[in-house]
Amino acid sequence: MDIGEAAGAIEQAAAAPAPARDIRKTGIDPNFWYPVAASTEVKQNKPFATAFAGEPIVLFRGKAGKVFALEDRCAHRQVPLSNGVIDGDHLRCGYHGWAFDQSGKCVSLPYDKGVGEGPRGVRAYPCRERYGLVFVFPGDAAKAETTPFPEIPAAENPAYKTRYLNRRANCHYSF
């Protein structure tokens, strides 16, 4: 192949359309902060069920009003913790009464005087509240402190009106 033929082949390759990419197969980076609820939805003394990427999460406010996020299932019988009750800074399962603290550790069994090295807990998600939203960090919890929190200056600027839509759309997150 001479130089002229090579140049023609390069031009032809450059003019060919790129292969189609299905955006629905694009993964999501779990090591980021994602909003999962409006702050007003998470009431004092009432667990709130939500989800991120199909994973059930329960949000609850402790006695000081801070929001915590746990996996929405009891470690005992897999009953949703969102069906339970808030007891101070603990979330108590509505089935057998196991209580979990904000770190997901089982801290109380109603039929046992002390848990000690008792049952395994549930996953806790790093959680922050800002812009009228509750954000969770679904990835590696060790990276939550060093991962920049999303900056949305317009959300706190009184010159802008912010409208939050809370409809569920069964589609890929990129849409």
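Higher on the page you've got the structure.
Now for a description of the structure that goes with this document. (Residues numbered from 1 in each chain as written. Predicted model: local features only at pLDDT ≥ 70, side-chain atom pairs only at ≥ 80, totals over all residues. Heavy atoms only, no water.)

**Section: the overall build of the protein**
Then, number 1: Across its full length, the protein holds 1 helix and 11 strands.
Then, number 2: Along its sequence from the N terminus, the protein presents helices and strands in the succession α-β-β-β-β-β-β-β-β-β-β-β.
Then, number 3: Put simply, 43% of the contacts in the protein that link residues at least 6 apart link residues at least 24 apart.
Then, number 4: About 11,700 Å² of surface is accessible on the protein, with carbon and sulfur atoms providing 53% of the total. (Helix = DSSP H or I, 4+ residues; strand = E, 2+ residues; numbered from the N terminus. Contact = heavy atoms within 4.5 Å. Areas by Shrake-Rupley, 256 points an atom, 1.4 Å probe, with all protein chains shown as cover.)

**What to know about unusual backbone geometry**
Then, number 1: At Gln 78, a residue that is not glycine, the phi angle is positive and equals roughly 65 degrees.
Then, number 2: Here Gln 78 lies in the loop between β4 (67-71) and β5 (85-87).
Then, number 3: You can call Gln 78 partly exposed: its relative accessible area is 43%.
Then, number 4: The phi dihedral of Tyr 131 is positive, around 60 degrees, even though this residue is not glycine.
Then, number 5: Here Tyr 131 lies in the loop between β10 (127-130) and β11 (133-136).
Then, number 6: Taking the relative accessible area as the measure of exposure, Tyr 131 reaches 8% and is therefore buried. (Buried < 20%, exposed > 50% of the residue type's maximum accessible area, 1.4 Å probe, protein only.)

**Overview of the environment of Val 42**
Then, number 1: Inspection of the secondary structure puts Val 42 in the loop between β1 (34-38) and β2 (48-52).
Then, number 2: Of the residues examined, Val 42 reaches a relative accessible area of 2% and is grouped as buried.
Then, number 3: Distance in space between the C-alpha atoms of Val 42 and Leu 59 is 6.8 Å, their sequence separation being 17 residues.
Then, number 4: Setting aside residues no more than four positions away along its own chain, Val 42 makes contact with Ala 37, Phe 48, Leu 59, Phe 60, Arg 61, Val 67 and Val 134.

**Considering the environment of Trp 33**
Then, number 1: Tracing the sequence through the fold places Trp 33 in the loop between α1 (3-15) and β1.
Then, number 2: A residue is classified by how much of its surface remains accessible, and Trp 33, at 2% relative accessible area, is buried.
Then, number 3: Taking C-alpha positions, Trp 33 is 7.6 Å from Pro 138, a pair spaced 105 residues apart along the chain.

**What to know about the sheet that holds β5**
What links the strands of a sheet is backbone hydrogen bonding, and the strands pair in either a parallel or an antiparallel sense.
Then, number 1: On the basis of which strands lie adjacent, the open sheet formed by 4 strands has the order β5-β6-β7-β8 and antiparallel pairing. Of all strands in the sheet, those with a lone pairing partner are β5 and β8 (106-108), marking the two edges. (Pairing = 2+ DSSP bridges.)

**Focus: the packing of aromatic side chains**
Then, number 1: Tallied over the entire structure, the rule returns 8 aromatic pairs.
Then, number 2: Between Tyr 131 and Phe 135, the aromatic rings sit 6.3 Å apart at their centres with planes inclined by 70 degrees, giving edge-to-face as the arrangement.
Then, number 3: Accessibility expressed as a relative area gives 2% for Phe 135, which makes it buried.
Then, number 4: Members of the aromatic cluster, joined through ring pairs, are Trp 33, Tyr 131, Phe 135, Phe 137 and Phe 149. (Phe/Tyr/Trp six-rings, centres within 6.5 Å; stacked < 30°, edge-to-face > 60°.)

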